[in-house]
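Notes for the structure review
What follows is the residue order along each chain.
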Amino acid sequence: MNSMQSLRPLALVLLLPLVGACASDPDSGDSADSSRISSSDSGEGSATSASFVTDFADACQNSSNWDREMCECAGQKAQEELSDLGRAFILATLREDIPEIERLRPSLSIEEATQSGLFMAQAGAACAQ
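Rules of the game
- Residues numbered from 1 in each chain as written.
- Predicted model: local features only at pLDDT ≥ 70, side-chain atom pairs only at ≥ 80, totals over all residues.
- Heavy atoms only, no water.
- Disulfide = S-S within 2.5 Å.
- Helix = DSSP H or I, 4+ residues; strand = E, 2+ residues; numbered from the N terminus.
- Buried < 20%, exposed > 50% of the residue type's maximum accessible area, 1.4 Å probe, protein only.
- Axes fitted to C-alpha atoms, helices over the stretch in contact; angles between N-to-C directions.
- Parallel < 35°, antiparallel > 145°, perpendicular 65-115°, else oblique.
- Left-handed = near helix turned anticlockwise from the far one by under 90°.
- Contact = heavy atoms within 4.5 Å.
- Nonpolar A, V, L, I, M, F, W, Y, C, P; charged D, E, K, R; others polar.

Topic: the state of the cysteines
Tallied over the full model, the rule gives two disulfides. Here Cys60 engages in a disulfide with Cys71; their sulfurs sit 2.1 Å apart. One quick way to see it: the torsion about the S-S bond of Cys60 and Cys71 is about -65 degrees, and its sign makes the bridge left-handed. Of this pair, Cys60 sits in helix H3 (residues 49–63) while Cys71 is found in helix H4 (residues 68–81), placing the two residues eleven residues apart along the sequence. As far as the burial class goes, Cys60 and Cys71 line up, both buried. With its sulfur 2.1 Å from that of its partner, Cys73 forms a disulfide with Cys127. Looking down the S-S bond of the Cys73 and Cys127 bridge, the torsion is -85 degrees, so its handedness is left-handed. One end of the pair, Cys73, is in helix H4; the other, Cys127, is in helix H7 (residues 110–128), and 54 residues separate them in sequence. Given a relative accessible area of 27%, Cys73 falls into the partly exposed group. According to the relative accessible area criterion, Cys127 is buried, its value standing at 13%.

Structure, rendered in structure tokens:
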């Protein structure tokens, strides 16, 4: 496994919440964040467990050199361990969907950002066993 290829999504996931925290507009207020959260949890963003795992595995395979089984394992772990917002964020990150990442990032709590940022490294280690 080429370590640079497998680290590219991880590096992006780790850096984006930090960059977003520095770039956030402090005058935007909590109401904008609340509308972002509710819009990301309904409509097109909602997915069933099976479709999320499939979408995650597809994006994972396109952005890394993990095999399908490992990507599906990581998708299942994301389904079980991450919040709806965290799942949407990590899926957007794997897809390198910058507009979606930028839309979701300010809505992540510190816990969600940290959990999402560490997720791929932890899932990779757990699913490789």
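After presenting the structure, the write-up continues.
Describing the packing of H4 against H7
Where H4 meets H7, the axes come as close as 9 Å, and the angle between the chain directions of the two elements is 130 degrees. As judged from the angle between their axes, H4 and H7 are oblique. Crossing of H4 against H7: the hand is right-handed. Contacts between H4 and H7 involve Met70, Cys73, Ala74, Lys77, Ala78 and Glu81 from the first element and Gln115, Phe119, Ala123, Gly124, Ala126, Cys127 and Ala128 from the second. Taken together, the residues of the contact of H4 with H7 break down into nine nonpolar, two polar and two charged.

Note that all results are geometric; they support no functional claim without further evidence.
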